[in-house]
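Structural overview
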Amino acid sequence: MEPHVSHSVADGVATVVVNHPAKRNAMTADMWRSLPPLLAALAADPAVRVLVLTGEGGTFCAGADISSLRGSSELAQDLAVRAEDALAAFPGPTLAAVRGHCVGGGCQLAAACDLRFADEGASFGVTPARLGIVYPSSSTRRLVSLVGPATAKYLLFSGELIDAERALRSGLVDEVLPGGELDKRVAEFTRTLVSRSRLTQAAAKEFADGRTDRDAYWAEQARAGGDTAEGVAAFLERRRPHFTWTAPSAPSAAVPASPPPAGPWHPAPPTAG
């Protein structure tokens, strides 16, 4: 089977799967290229409330497929940054479900998700120093916001891999699950997310990501949307709330028309192929 990124939608959850198991789910140029339009389509789908990103089989993503990108590093840099930015801009909650290696461009994608749950055997690495590549400022800031400057420097300076427990302690990962429990926990948690107010989630995501010019907009949405009244009524009546707010016009997860600053492609360690 050709390397590809597949997806499915069920019960409000879109699951996006990186599928290139012959090379530990390393990303080809076509795979990078396919992510922004796929994410834009899922963002526009009213049936999608939550997005889960994972890898086929026992590996999340071991970076970029070096053999498929020989001679096109400039193009690959642009494609990787665009894919990361599109994932970070997705309007609903996003969760990376990580098994095995989450390295280079794979770690870049996981860090662009809102949350990361990992199997206890997962390992993480940010590897540009292995190849003399400059990590882009946007990706560096995102990494620093998760783990702090000291751990970000450790990862970037050394290119060393860390295990899931250290990733949890550093803030790179939100939960670590025993072997065989990751899928169950992800399904349980995404059901919880789907049951909550989309209004609250959308506003919280914007504010948490640093937007400061939409307080009046979200206050008006709260007044007019009905979720607050429904939530209070459901609490007083001891029943589950039925939240109905949807965005007046779905924001696009596509990367803006103007190109992003040039940023490097982050391939997997040489052992990953």
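Sequence order as written defines the numbering, with residues in each chain counted from 1. Owing to the predicted nature of the model, reporting of local features is limited to residues with pLDDT of at least 70; listing and counting of side-chain atom pairs is limited to 80 or more, with chain, interface and lining totals taken over all residues. Hydrogens and waters are ignored; side-chain quantities use all the structure's heavy atoms.

Helix and strand assignments come from DSSP, with helices taken as H or I runs of at least 4 residues and strands as E runs of at least 2, each series counted from the N terminus. In terms of regular secondary structure, the chain is built from nine helices and nine strands. Counting over 273 residues, the chain shows a buried share of 48%. Taken as a whole, the chain presents about 12900 Å² of accessible surface, with 56% of it coming from carbon and sulfur. Relative accessibility decides the category of a residue: with a 1.4 Å probe and only protein chains considered, values under 20% of the type maximum give buried, values over 50% give exposed, and everything between is partly exposed. Surface accessibility follows the Shrake-Rupley procedure with a 1.4 Å probe radius. Residue values consider only the protein chains on display as shielding.

Next up on the list: empty space enclosed by the protein. One water molecule sets the probe size; rolling that probe over the atoms shows where empty space is left. Two kinds of site are reported from a 1 Å grid over the protein atoms alone, namely cavities, where a 1.4 Å probe fits but cannot get out, and pockets, open sets with protein on both sides within 12 Å along at least five of seven lines, and residues are called lining when an atom falls within 4 Å of a point. Grid points are joined across faces, edges and corners, and a volume is the space filled by probe spheres set on the points. This structure, assessed with the given rule, holds one cavity of 30 Å³ or more. A volume near 30 Å³ is recorded for the largest cavity. Together, Leu35, Leu39, Leu51, Leu53, Ala83, Leu87 and Leu109 line the largest cavity. Counting residues per element, the ones that place at least two in the lining of the largest cavity are helix 1 (29-43), strand 3 (50-55) and helix 2 (73-88). Its residues placed into classes, the lining of the largest cavity shows seven nonpolar, no polar and no charged. Throughout this entry, Asp, Glu, Lys and Arg are counted as charged residues, while Ala, Val, Leu, Ile, Met, Phe, Trp, Tyr, Cys and Pro are counted as nonpolar. The remaining residues, Gly among them, count as polar.

Here, a salt bridge means any Lys or Arg side-chain nitrogen found within 4 Å of an Asp or Glu carboxyl oxygen. Applying the stated rule across the entire model yields 14 salt bridges. For Lys205, the salt bridge identified is with Asp114, shortest N-O distance 2.9 Å. With Lys205 in helix 7 (residues 198-208) and Asp114 in the loop between helix 3 (105-112) and strand 6 (115-119), the pair connects residues that are 91 residues apart, well separated along the chain. Given a relative accessible area of 26%, Asp114 falls into the partly exposed group. For Glu188, the salt bridge is made with Arg185, and the minimal N-O distance between the two is 2.6 Å. Of the two residues, Glu188 and Arg185 are both situated in helix 6 (residues 182-195); the distance of three residues between them amounts to about one turn of the helix.

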